[in-house]
Every structure is written in C-alpha cells, then in structure tokens.
Amino acid sequence: MALSVSAGGRVWRKFCKTFNFGPNSALKRFPTCTANGRLYSTSSDNVLVSKDEKSGIATVRMNNPPVNSLNTAMLVSLRSCFEELENDKSCRALILTSQKPKVFCAGLDILEIYRKSPDYVAQFWEKLQDMWLSLYGSRLVTMAAINGHSPAGGCLLSLACDYRIMAEGKFTIGLNETQLDLVAPFWLRQTMVDVIGYRQAEMALMIGALYTSDKALQLGLVDKLAPIEDVQTVAEEEVKNWLKIPDQARAITKMASRKPLLDELRKRKQEDIQTFRDETTRESVQMSIQQYLEKLKAK
Amino acid sequence: MAAPMRGMSVLRQAFQGLVRPSGGQVCRQVQHRCYSTPGHVQVDMNSETGVATVRLNRPPVNSLNLDVLTELSIALEKLETDKSCKAMVLASAAPGIFSAGLDILEMYQSTPERCVAFWRALQDAWLNLYGSRLVTMAAIEGHSPAGGCLLAMSCDYRVMAEGKFQIGLNETKLGIVAPFWFTDVMLNTIGHRETEKALQLGALYSAQQALSIGLVDKVVPLAEVMPTVEGELKNWLQIPAAARVITKTSMRKAVLDRLRSQKEKDAQFFADFINRDSVQKSLGMYIASLQKKKN
C-alpha cells in the first residue's frame, strides 16, 4: 500500500471500514507485515506492489475501486509495474490479484470507448496492447490469483499468466465481449484457444460465455480452485513449485512457446488498432454500450 | 445403380426455378415457408424466429451424391442472403440416419469429369456451411459416419441422440483418405491427439464416446434432440449478430482459406486418388460386402 507502514490503529480501522474488509480478508496477510517485505514506490495508488526479498515473489494488487476497471491510468500503471519487475534481477515471480476481493477485474473501462474520438480510442487500445505484451511476454513466473469476478479484460489478464487460481463459489470468468457487440482481438482469441482448445474457445467467444469457477476448472480455463480467502496463499505455494525450476531454462521455454503470438501482435499492431477503432465507431456498438450503461444505472 | 449423369448447369437451372423463397407450399402455420422441391433437401423457414430447419431427404441413408450436394449448396446460399434468417438447424428427414456420407457410387467406376464435378459440389456445400454467418446447429438423430460427420462438425453446435447411433470419420476403413479440410475441421473440434487416433483407425464413436471427446456437445434421448437444439438456439440468438459473426468468420478464416486457395488442385487430387486401382478395388470389395449383407 502506498500508505505508510507505520499507520496507527485508528487509521487502519478507518481504512478497513471504508473498503469493507471482512474478518478473513487477504489483506491481513499483507507481506509488508513480514520482515522480508519491501514496498515499491509505484507512482500511483491504483497498482500496489510488494515483493518478498527472500523468495523473489512480487505480488501486484490491482487497486482501482470499485471493480478494477482498466482505464488508461490502470493500463499505464500495470505496464510500468510489469516492466519494473522485469528489470529487477532479484524478482523471479509475479502474482497478480485484486486488492479488494470478490472482483478480480471487471475488464476495460467502457467509458474510455463510449462517445470518444477515434484517435482517443486508438491510443487507449495501444496502451492495452502494450500492457498485455509486457505481461504475456514476461520472463517471470506469472500467476493469476483470481479472487473474484473476472469478465472480459479480467479474463484477458488471467489468460496472459502462466497459471490461474480462482476463488470457489459464484464468481464468473470469461470473454464476454460479443454480449456488448464487441469482438475480442485476434491475440486474445488465440490465448483462449491456447488454454482451452479451439472448439471450446470458438463457442465461448461466439456466445460471449461467462463460466462459474467450477465450469472454468472443468474447461481448463483456470487451473485450481480455492476458498476466496486462501487464493493468495495457494498462489504463493504454487509459485514455490515453479521456482524450483532453474529460471533461465524455464524462461526460454516460455518465450519459445509465446514468441509467435507476441511477434504477430507486434507486427500487426497498427492493423489491430485500426480494427478496434473501426469497431468502436460502429453505431450499433455505441448503442449497445449505451444500453449497458443505462442498465447499470438502473440497478 | 449409378445416378444418372447430368450437366451441372442444367441441374442448377432446374433447381433455381423450383426453389423460390416465397413460393412453394405453405406448411402448417402461416409464418413457415417451405421449399417444395422434388429433391433431397427440405427447407422449413420459421419467419417468426428466423430459424430455418434444413432436412436431408434421400432415403434410405441420405448419402451425399452430386444432386444432394448441389441442392444443399443452393439452399444454404439462399438462407445466407435471406435477411430474415438468423439460424439453421441441419437435420434428417429419414429416421435412424443423419447422413451416411458421400455416395460410394459417385466414386466407384465413375469418370474423371464426373468425379471432379462431384468433388466441387462437396467443396461448395462445405464452404457454404462452415463459412455461414448463421448460427448453425446439427440435430444428429441417427447415424453420422464420414461425410455425415463432416457436416455435423461444420456446424457451430452438435446435439446427438443417445443410444446405438455412431459418428466419426471412418474413411480409412474403406481404404480411402479424408481430405485435408475434413482433418482441419476435426482438429478444430477434438484436438490433435484424438484426431490422429480417430482418423488412422477410421473410428466410429457412440454418442456417449463422442461426447467424452468433444465431438458432440450434448447427448439426449432421441425425442429431445430437436427441443434441445431449439433451446440452445434461443441463447445463441440473444448475442448481437454482428460481433458473433465477425468472431466466427475471423476464427474460421484460416481453414476456409486453405481450401479456397487450392480448390482445383484438391478436386484433381481426389479424382486421381479415387481412380487408383487399389482404391477402386477396396471400394468394389466394400460394395460387394454391402450387397452380401443385403442378401
């Protein structure tokens, strides 16, 4: 947290009240409480990073309430964070999670593409591409500790990691873009195919399916389930297994497998931006988004 | 028992004349349009739901010959351009069979010209089906080997009747080889390992086995196949069409383009391959064994 570690009890209690943390909140196990924890001075509060010096495991907590929607600021912070960790020689692994349980990440901030100029949308999309390239292409062991709902962009982040642990229960995950008349870009579709196989990916993408954790596990969309309060611990345990493998061999193997898709996006970056730009200027898409926003307001 | 020889253009003209979108009989309810052809592909379009049911109808086993494939292509083309049509259910008018696949008699002791015409008709029917903008569902209410399996796999979703019916690409059992695009579709349905095994063995799977490898998506009692398909369609049709279609087309493009870019070569390859002595011998033996079973 960007808040000072030495914050007194009164401030702590107020903080907990504001963010509605229950008795089993993962926050209680925050690494800064241990002797090995070290705070990163990230430039913003929307992405909180802490690293365990001994193990080299960094935990990256998305902190953009209420639902960690990926707006420009988030995309920039996430990318900076991933790049900083990439360049930190003592860092070996990254666990991506949400500061506030029950929602991992609700996806792209719709307001960034609603009634915005094509140029604005293009710039926003490029930031998404760059963030994804830095995560999907990371040399680190990357784990998604999915402690809540994870539609669309949340699923994008999860798929970009090496391994996915999700909270048991009624939480859902999936690429539901088509429900908003949007089309997931080719590189995102490919990661879905790579994880759950072509047939399931084709169907999931066409109908914009959102799966409960049980079904996601069955499909292989996530790798393990755990009670929501244990997701972080289970992720840390899993990471330790992965870190037994000599880093270089593991990283080279990962890159060999991911290089074709990374290269393809880099090569087709502008074309991909153009596709998204054209798509969002479609009036039917803007109408779908409008209806969606009105529905949210009504709730 | 070989089918009579006909020129392609004559056949097409004949069917163009007969298949009128708003003509034909009015079946059952006012909002249905039926295409009354004397031929082998019945189309029943429900204008209210936008769902067209296309039933193969060439008793006894819906084997796919030049006529059937041509009719199927034309039916699919018409639905593709019919703005009121949003989905298509592929089914059979014959009980106990979805489709037995390609008509062996099109391949046995035929002429090279006829072989090429036949293969082109198959290619076109498949390109129309696999590349369709419609939501496509296969209601597999009977056996579905070889070409039948291809048609089923080319749909977006498959519901099969539980019980004794079988489905699979069993070409190698007859001494022939499934073309590369059949393989492509199977790979995209059940993955590499299962496809390699299935094709080499010419495996035919029961509905439950097919479900377990992902060859079909749902298995229900025979009487529930159509209602299940209709229920599934309702969900799919709630998705904004534009996004769904772009997603489908983008994902299937590579496989479709691979055939489109070499149609002539593929047709010629088939004609040459099928006319090899060894292949003709295998086909002859297979036909003889079928005759024996009959007698």
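Residues numbered from 1 in each chain as written. Chains lettered and ligands numbered in written order. Predicted model: local features only at pLDDT ≥ 70, side-chain atom pairs only at ≥ 80, totals over all residues. Heavy atoms only, no water.

On to helix α5 (residues 180–190) of chain B. Residues and elements named next belong to chain B. Most of α5 is tucked away: nine of the eleven residues are buried. What α5 keeps buried is the set F180, W181, F182, D184, V185, M186, N188, T189 and I190. Of the residues one or two after α5, G191 is the one with positive phi, at around 85°. (Buried < 20%, exposed > 50% of the residue type's maximum accessible area, 1.4 Å probe, protein only. Helix = DSSP H or I, 4+ residues; strand = E, 2+ residues; numbered from the N terminus.)

Turning our eyes to something else, we now look at the pattern of salt bridges. Residue and element names in this part refer to chain A. Tallying each qualifying case throughout the model produces 35 salt bridges over all chains. For D119, the salt bridge goes to R277, with nearest N and O atoms at 2.6 Å. Here D119, found in helix α3 (residues 118–136), pairs with R277, found in helix α10 (residues 269–281); they are 158 residues apart in sequence, far enough to count as distant. The structure contains a network of salt bridges with shared partners spanning R79, E83, E126, D130 and K269. (Salt bridge = Lys/Arg side-chain N within 4 Å of Asp/Glu carboxyl O.)

So, on to the confidence of the model for chain A. Per-residue confidence for chain A gives a mean pLDDT of 89; residues scoring 70 or more make up 86%. Low pLDDT (under 50) marks residues 1–8 of chain A, which in the prediction has eleven contacts with non-local residues, meaning those over four places away or in another chain. (pLDDT = per-residue confidence, 0-100. Contact = heavy atoms within 4.5 Å.)

Next up on the list: the packing of aromatic side chains. Where two aromatic rings form a pair, the distance of their centres and the angle of their planes describe that pair. Inspection of every chain in the model, using the stated rule, returns 14 aromatic pairs over all chains. Pairing F118(B) with F270(B) gives two aromatic rings, centres 6.2 Å apart and planes at 50°, and the pair type is tilted. In this pair, F118(B) sits in helix α3 (residues 112–130) while F270(B) sits in helix α10 (residues 263–274), placing the two residues 152 residues apart along the sequence. Assessed through its relative accessible area of 0%, F118(B) is described here as buried. Aromatic side chains F269(B) and F273(B) sit 6.2 Å apart centroid to centroid with 10° between the ring planes, which places their arrangement in the stacked category. Here the residue F269(B) and the residue F273(B) both occupy positions in helix α10, the gap between them amounting to four residues, near one helical turn. Grouped by ring-pair contacts, the aromatic residues F118(B), W119(B), W126(B), Y130(B), W181(B), F182(B) and F270(B) constitute a single cluster. The ring of Y120(A) is capped by K116(A), whose NZ or CZ atom sits 5.5 Å from the centre of that ring. Just above the ring of F186(A) sits the side chain of R268(A); from NZ or CZ to the centre is 3.9 Å. (Phe/Tyr/Trp six-rings, centres within 6.5 Å; stacked < 30°, edge-to-face > 60°. Lys NZ or Arg CZ within 6 Å of the ring centre and 35° of its normal.)

Tallying the contact residues gives 19 residues for chain B and 16 residues for chain A. Taking both sides of the interface into account, the surface hidden between chain B and chain A amounts to around 1,700 Å²; carbon and sulfur atoms contribute 66%. Taken together, chain B and chain A are joined by two salt bridges. The interface formed by chain B and chain A contains six residue pairs in polar contact (both at pLDDT 80 or more). Elements represented by at least two residues in the side of chain B that touches chain A include exactly β10 (157–161), α5 and α9 (241–260) of chain B. Within the side of chain B that touches chain A, the residues separate by chemical class into nine nonpolar, four polar and six charged. (Buried area = accessible area lost by both parts, 1.4 Å probe. Polar contact = N/O pair within 3.5 Å; in protein donor to acceptor, adjacent residues only side chain to side chain. Nonpolar A, V, L, I, M, F, W, Y, C, P; charged D, E, K, R; others polar.)

On to the nonpolar core, then. If you look at the biggest cluster of nonpolar residues, it comprises 179 residues, and the most contacted ones within it are V60(A), L96(A), W132(A), L157(A), W187(A) and W126(B). At eleven residues, α3(B) tops the list of elements feeding residues into this core. With residues up to four places along the chain from it excluded, the contact list for W132(A) reads G137(A), L156(A), A160(A), W187(A), T191(A), L261(A), L262(A) and L265(A). (Core = buried A, V, L, I, M, F, W, Y, C linked by side-chain atoms within 4.5 Å.)

Residues and elements named next belong to chain B. One open sheet holds the four strands; their spatial order is β6-β9-β11-β12, and the pairing between them is mixed. The open sheet has two edge strands with one neighbour each: β6 (96–97) and β12 (205–206). Two strands pair when backbone bridges link them, and β6 and strand β9 (residues 142–145) are joined in this way by two bridges, in the parallel orientation. Residue pairing across strands places I97 opposite H143, the latter belonging to β9. (Pairing = 2+ DSSP bridges.)

The linkage connecting P65(A) with the following residue, P66(A), adopts the cis geometry, with an omega of 5°. Its location among the elements puts P66(A) in the loop between β3 (57–62) and α2 (72–87). Of note, the bond from P59(B) into P60(B) is cis; its omega dihedral lies within 30 degrees of zero at 5°. Among the secondary structure elements, P60(B) is positioned in the loop between β3 (51–56) and β4 (63–64). In this model, N68(A) sits at a positive phi of 50°, which is unusual for a non-glycine residue.

On to the environment of K164(B), then. Residues and elements named next belong to chain B. Within the secondary structure, K164 sits in the loop between β10 and β11 (166–168). Accessibility expressed as a relative area gives 66% for K164, which makes it exposed. In this structure, the C-alpha to C-alpha distance between K164 and A207, residues 43 residues apart in sequence, is 7.7 Å.

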